[in-house]
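# Structural description and commentary
Each chain, letter by letter, is given below.
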Amino acid sequence: MAERKRQLVSNELTEAALQLLASKGYDAVTVDEIVAAAGVSRRTFFRYFASKEDVVVQFLADLGAGMRAELAARPREERPSVALRHAVGAGLAACADRSDHTERALRVVRLILRTPALLARFMERQAGWREELAEEQARRLGLDVGTDLYPRLAAGMALSAFDTVLRRWSESEGTEDPAALTDQAFALIAPALDASGVGRAGVGI
């Protein structure tokens with residue numbers, strides 16, 4: 001019950017912020033206006049979010065954990081391109097899994113991509129995701145993430161595909177299929193992901 005209540009308050013703050021930001025613009029909206037619209041106190045706001053930027057970006061924050069979990073669950077013998085495609089696909093599918101959720105996700109993504117301060121914060125989050133994916137990829141392949149170039153390069157390519165698909169999905173107003181776009185993206189980067197150097201960890205290429 002406590003977790004459910006926490007999620008409800010978080011959702012109310014996010015929705016209030018999105019409505020205000022859509023009508024007034026990012027720079028014109030204050031934290032005080034967001035909390036007034038959501039019917040909570042400033043103290044409550046800062047229990048959930050560190051800043052005005054986070055109230056928007058937090059909506060997508062769990063995508064990184066979902067991608068790492070999906071990568072960890074993939075069969076060890078799977079080619080890196082296939083495993084990473086499923087990991088990234090899980091993150092993108094989370095944006096478009098329900099019609100009501102999709103509409104809010106589209107608004108969030110559009111706002112992030114069009115607002116420099118939000119885009120900068122989102123890219124900070126993605127940098128953390130890259131490290132998590134690199135660590136998981138290194139574990140899967142028996143590599144050292146601190147000395148081997150491959151894990152971070154692979155994670156970077158996978159997240160570049162994620163970012164490209166997310167932008168294309170947003171630009172299409174959600175009409176294009178994220179799964180099909182992800183397949184197209186990974187078809188292009190698969191040769192690099194499965195290139196020499198990975199095979200030494202015993203992974204089929």
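Residues numbered from 1 in each chain as written. Predicted model: local features only at pLDDT ≥ 70, side-chain atom pairs only at ≥ 80, totals over all residues. Heavy atoms only, no water.

## Notes on helix 10 (residues 178–193)
A bend of about 40° at Ala187 is the largest found in helix 10, and the proline Pro191 appears one to four places after it. Here helix 10 has its buried residues at Pro178, Leu181, Thr182, Ala185, Phe186, Ile189, Ala190 and Leu193. As for helix 10, its buried residues are in contact with helix 6 (80–95) and helix 9 (150–171). In this structure Asp177 caps helix 10, since a side-chain oxygen of it lies 3.2 Å from the backbone nitrogen of Ala179. (Bend = angle between axes of the 7 residues up to and from the residue. Helix = DSSP H or I, 4+ residues; strand = E, 2+ residues; numbered from the N terminus. Buried < 20%, exposed > 50% of the residue type's maximum accessible area, 1.4 Å probe, protein only. Contact = heavy atoms within 4.5 Å. Polar contact = N/O pair within 3.5 Å; in protein donor to acceptor, adjacent residues only side chain to side chain.)

## A word on the pattern of salt bridges
Using the criterion set out here, one finds 17 salt bridges in the structure. Between Asp54 and Arg121 there is a salt bridge whose closest N-O contact spans 2.8 Å. Remark: Arg121 occurs in helix 8 (residues 116–141) and Asp54 occurs in helix 4 (residues 52–57); sequence separation between them is 67 residues. Relative accessible area serves as the criterion here: at 9%, Asp54 is assigned to the buried category. Residue classification places Arg121 among the partly exposed residues on the basis of a relative accessible area of 22%. Among the charged side chains, a salt-bridge network with shared partners connects Asp54, Arg121, Glu124 and Arg125. (Salt bridge = Lys/Arg side-chain N within 4 Å of Asp/Glu carboxyl O.)

## Remarks on the confidence of the model for the protein
Scored by pLDDT, the protein comes out at a mean of 87, with 92% of its residues at no less than 70. Taken together, the stretch residues 199–205 has pLDDT below 50 and engages in 16 contacts with residues farther than four places along the chain or on a different chain. (pLDDT = per-residue confidence, 0-100.)

## Let's talk about helix 9
Taking 1.5 Å of rise per residue, 22 residues should cover 32 Å, and helix 9 covers 32 Å from first to last C-alpha, within 8% of that figure. Glu173 sits one or two positions beyond helix 9 and adopts a positive phi of about 60°. (Expected span 1.5 Å × (residues − 1).)

## Notes on the nonpolar core
Nonpolar side chains in soluble globular proteins tend to be buried together. Of all hydrophobic cores here, the largest spans 59 residues; its most connected members are Leu13, Leu60 and Phe162. Looking at this core, the element that brings in the most residues is helix 9, giving 10 residues. Setting aside residues up to four positions removed in sequence, Phe162 forms contacts with Leu63, Met67, Val88, Gly91, Leu92, Phe122, Gln126 and Trp129. (Core = buried A, V, L, I, M, F, W, Y, C linked by side-chain atoms within 4.5 Å.)

## Regarding the environment of Val88
Within the fold, Val88 resides in helix 6. Given a relative accessible area of 1%, Val88 falls into the buried group. Placed 36 residues apart in sequence, Val88 and Lys52 show a C-alpha to C-alpha distance of 27 Å.

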